[in-house]
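# An overview of the molecular structure
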Amino acid sequence: MVTRKKPSSGKPLKILFVASEVEGFVKTGGLADVAKSLPSALQAMGHDVRIVMPFYQRIAGREKAKLLVDTELYVETQPAPVEYQIKELASTVPVYAVDAPEYFGRAELYAENNQAYADNGERFAFFSAAALDLCEKVGFQPDVVHCNDWHTGLIPFLLRTRYAEDAFFAETKSVLTIHNAVFKGVFNYDQYSLIPELIQKRYINLEVGHAHISMLKAGVAFADKINAVSPNYASELLTELGSHGMAEDFQSRANDLYGIVNGCDYDDWHPETDSYIKQTYKASKVSLARGKKACKRDLQQQVGLPVEDVPLYGMVCRLTEQKGVHYLIPVLKDFLVNDVQVVIVGTGDPKLAAALREISDTHKEKFAFVEAYSNPLAHCVEAGADFFMMPSEFEPCGLNQMYSLAYGTLPIVRAVGGLKDTVIDYDQTPQVATGFMFESPTPEALLIKLQRSLLLYCQRPQEFKRLQLNAIACKFDWKESAEQYISMYLGEEKGLVTPVFSSQIAV
């Protein structure tokens, strides 16, 4: 057995960052944002970082991809190797794309017409195997392989089995980041033909039901370190309710479990430089007031609401129960009795969308529902709204609350996951507060906080403006998060399930 050594802290690390999507190339959610920003922050610290992702049909700039290697993945038990190409995408951080048309030459990433591809297990089993197979072929010997979510969960397993005696990976450590543990990557053994190590020796602790294996369980069991994308979510993963059925798995690895809050990409989300918004503004009382007033008017005009000086509540999200849309719908009509306006932008569950359309049809003067995914409009909502609603059922980290804070828009959030780590509740600590928070997962609890925020806006306008300045002073810098990732890579800390990231508020 080859002994794996701890990476040396005296030299730059070689980090292979493996993700199923990367912002700037292809994106369906927050994972892509992290896969762009964290490697960039690590590279800026002097580390040698390479990203590996699938070469989807939808990748932006795919026609400019450079062919590096024409190769094949050979597995001893297979009658024939799987041919694939390694391509490099244009990027500041080198990006290797695994081009295997059989698996990734499809219209979408994971599903079409709300139906997951039937062979997703085989597709991402291959991707995990290819991500390690390509390392020697491109001459990159990683100190750390940083995996993300279930799509890459087999990589730590392969390092401990297939490559256990391989000198090339002798000093390689693996890290698995949990962006959302509700997605476990559960597939029948039949889909793991390219990973015969799973089949030859049944791993009962990785099974979900009869003859089904969870890729996420494999990653949690075999990774050297595991982290969640916020300290509070790391704590929640140790509980039955918060772990989505994997409490024992995470509890068994509690000493290797970290919580590191995602950073915010202020190059894209900053009111002083945002090209999407009507008027840029700075973190000063006068500039903030003028800028947000202009942005509110512009937003009202874009979504067809009357241009009035009333409190405006915004929401941009996927229409799912995870995002708490089902908490808002039952009380939205009651809230619209007040002199307020509400804007919701998003796509997703057809039933939730239909319910929002119905309310919009009967409250056109107060509520606008835009059933679309629009990055420019999302920026306008963040800048033009006074409050931003995130009543999530669960939220591993969340990014929109960080965007809202950056624009001086007060978040109204449920006290879960990263929302609890990044928003300071006005009713608990008013002096340094940056928003509003509620605990109970009920529509009634959300309505109480909405009414509470409305009272502050209407009855204490100077206090509302003070909270806006608190919010806009918050900074969640990727550099700080990246430094904590390096400490985790190097094993300089024991597993953490308490906050290790704090925003600084100038009061």
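Please refer to the structure higher up on the page.
In short, a report on the structure. (Residues numbered from 1 in each chain as written. Predicted model: local features only at pLDDT ≥ 70, side-chain atom pairs only at ≥ 80, totals over all residues. Heavy atoms only, no water.)

Right, let's get into the overall build of the chain. A count of helical and extended segments in the chain gives 17 helices and 19 strands. For the chain, the C-alpha radius of gyration of 23 Å lies close to 23 Å, the compact-globule estimate for 507 residues. Seen through its principal axes, the chain has C-alpha atoms that stretch 70 × 50 × 45 Å. The proportion of buried residues among the 507 residues of the chain is 58%. (Helix = DSSP H or I, 4+ residues; strand = E, 2+ residues; numbered from the N terminus. Rg over C-alpha atoms; globule rule 2.2 N^0.38 Å. Buried < 20%, exposed > 50% of the residue type's maximum accessible area, 1.4 Å probe, protein only.)

This part is about the layout of surface pockets. Counted as a void, the second largest pocket has a volume near 440 Å³. Considering the residues around the second largest pocket, the lining is formed by 18 residues, among which Ala289, Lys293, Lys296, Asp309 and Tyr457 are closest to the centre. Only helix H9 (285-303) and helix H16 (461-473) provide two or more residues apiece to the lining of the second largest pocket. Ranked by residues supplied to the lining of the second largest pocket, first place goes to H9 with eight residues. Residues belonging to the lining of the second largest pocket are distributed by class as follows: seven nonpolar, two polar and nine charged. (1 Å grid on protein atoms, 1.4 Å probe; cavity = no way out; pocket = protein on both sides within 12 Å on 5 of 7 lines; lining within 4 Å. Points joined across faces, edges and corners; volume = space filled by probe spheres on them. Nonpolar A, V, L, I, M, F, W, Y, C, P; charged D, E, K, R; others polar.)

Before going further, it helps to spend a moment on the sheet that holds strand E1 (residues 14-18). Spatially, E3-E4-E5-E2-E1-E8-E9-E12-E13 is the arrangement adopted by the nine strands of the open sheet, whose pairing is mixed. The sheet is open, and its two edges are formed by strand E3 (66-73) and strand E13 (257-259), each paired on a single side. Between one strand axis and the next, the sheet turns by 25° as a mean value, whatever way the strands run. Two strands pair when backbone bridges link them, and strand E9 (residues 173-178) and strand E12 (residues 225-228) are joined in this way by four bridges, in the parallel orientation. Counted as the bridge partner of Leu176 is Ile226 from E12. Where helix H3 (residues 120-138) meets the sheet, it contacts E1, strand E2 (48-54), E3, strand E4 (82-89), strand E5 (95-99) and strand E8 (144-148), and its direction lies at approximately 65° from that of E4. (Pairing = 2+ DSSP bridges. Axes fitted to C-alpha atoms, helices over the stretch in contact; angles between N-to-C directions. Contact = heavy atoms within 4.5 Å.)

Our next topic: the packing of aromatic side chains. Throughout the structure, instances matching the rule amount to 24 aromatic pairs. On the basis of an interplanar angle of 40° and a centroid distance of 6.4 Å, the ring pair of Phe104 and Phe126 is categorised as tilted. Here Phe104 is found in helix H2 (residues 101-104), whereas its partner Phe126 is found in helix H3, with 22 residues between them in sequence. The pair formed by Phe104 and Phe126 is uniform in burial state, with each residue classed as buried. Seen in terms of ring centroids, Phe124 and Trp150 are 5.4 Å apart; in terms of plane orientation they differ by 75°. Their pairing is edge-to-face. One end of the pair, Phe124, is in helix H3; the other, Trp150, is in the loop between E8 and helix H4 (154-160), and 26 residues separate them in sequence. According to the relative accessible area criterion, Trp150 is buried, its value standing at 9%. Clustering of aromatic rings is evident, with ring pairs tying together Tyr56, Tyr84, Tyr103, Phe104, Tyr110, Phe124, Phe126, Phe127, Trp150 and Phe187. Taking NZ or CZ as reference, Arg106 lies 5.0 Å from the ring centre of Tyr117, over its face. Sitting above the plane of the Tyr266 ring, Lys475 keeps its charged end 5.6 Å from the centroid. (Phe/Tyr/Trp six-rings, centres within 6.5 Å; stacked < 30°, edge-to-face > 60°. Lys NZ or Arg CZ within 6 Å of the ring centre and 35° of its normal.)

Time to look at the side chain of Ser404. Summarising the element assignment, Ser404 is placed in helix H13 (residues 400-406). Residue Ser404 is classed as buried on the basis of its relative accessible area of 0%. Contact partners of Ser404, with chain neighbours within four places excluded, come to Glu382, Phe388, Thr409 and Pro411.

This part covers the pairing of E5. Where burial is concerned, most of E5 is hidden: five out of the five residues are buried. Judged by which residues are buried, E5 turns out to be covered on both faces: Val95, Ala97 and Asp99 on one side and Tyr96 and Val98 on the other are all buried. By the bridge criterion, four bridges tie E2 to E5 in an arrangement that is parallel. Paired with Pro54 across the two strands is Val98, which belongs to E5. Where E4 meets E5, five bridges bridge the pair, whose relative direction is antiparallel. When the bridges of E5 are listed, Gln85 appears paired with Asp99. Hairpin connection of E4 to E5: five residues between the antiparallel strands.

Evaluation of the coordinates by the stated rule reveals 23 salt bridges. A salt bridge links Asp268 to Lys36; its shortest N-O distance comes to 3.5 Å. Linking Asp268 in the loop between E13 and H9 with Lys36 in helix H1 (residues 30-44), this pair joins segments that are 232 residues apart in sequence. Arg466 serves as the salt-bridge partner of Glu463, at 2.9 Å between the closest nitrogen and oxygen. You can see Glu463 and its partner Arg466 sitting in helix H16, three residues apart, about one turn around the helix. Connected via shared salt-bridge partners are Glu23, Lys36, Asp265 and Asp268. (Salt bridge = Lys/Arg side-chain N within 4 Å of Asp/Glu carboxyl O.)

Strand-to-strand pairing in sheets goes through backbone hydrogen bonds, with the strands running parallel or antiparallel. The strand order across the open sheet built from six strands is E16-E15-E14-E17-E18-E19, with neighbouring strands paired in parallel fashion. On the outer flanks of this sheet lie strand E16 (367-370) and strand E19 (436-438), each paired with one strand and no other. The sheet shows a mean angle of 15° between the axes of neighbouring strands, taken without regard to direction. Of the pairings in the sheet, the one linking strand E14 (residues 312-316) to strand E17 (residues 387-390) comprises two bridges and is parallel in character.

The next subject is the packing of helix H10 (residues 325-335) against helix H15 (residues 443-459). At a minimum axis distance of 8 Å, the contact between H10 and H15 shows a crossing angle of 50°. Judged on the interaxial angle alone, H15 and H10 are oblique. The interaxial crossing formed by H10 with H15 has right-handed handedness. Contact residues: His326, Tyr327, Leu328, Pro330, Val331, Asp334 and Phe335 in H10; Pro443, Glu444, Leu446, Leu447, Leu450, Gln451 and Leu454 in H15. Along the lines of polarity and charge, the residues of the contact of H10 with H15 split into 10 nonpolar, two polar and two charged. (Parallel < 35°, antiparallel > 145°, perpendicular 65-115°, else oblique. Left-handed = near helix turned anticlockwise from the far one by under 90°.)

With respect to the helices, strands and loops of the structure, Pro350 is situated in helix H11 (residues 350-362). Each C-alpha atom of the pair Pro350 and Thr320 lies 9.5 Å from the other, and the pair is 30 residues apart in sequence.

Okay, empty space enclosed by the protein next. What the rule picks out here adds up to one cavity of 30 Å³ or more. As a volume, the largest cavity reaches approximately 40 Å³. Forming the walls of the largest cavity are Asp33, Val34, Ser37, Gly263, Cys264, Asp265, Leu399, Tyr403 and Trp478. The element that contributes the greatest number of residues to the lining of the largest cavity is H1, accounting for three residues. Partitioning the lining of the largest cavity into residue classes produces five nonpolar, two polar and two charged.

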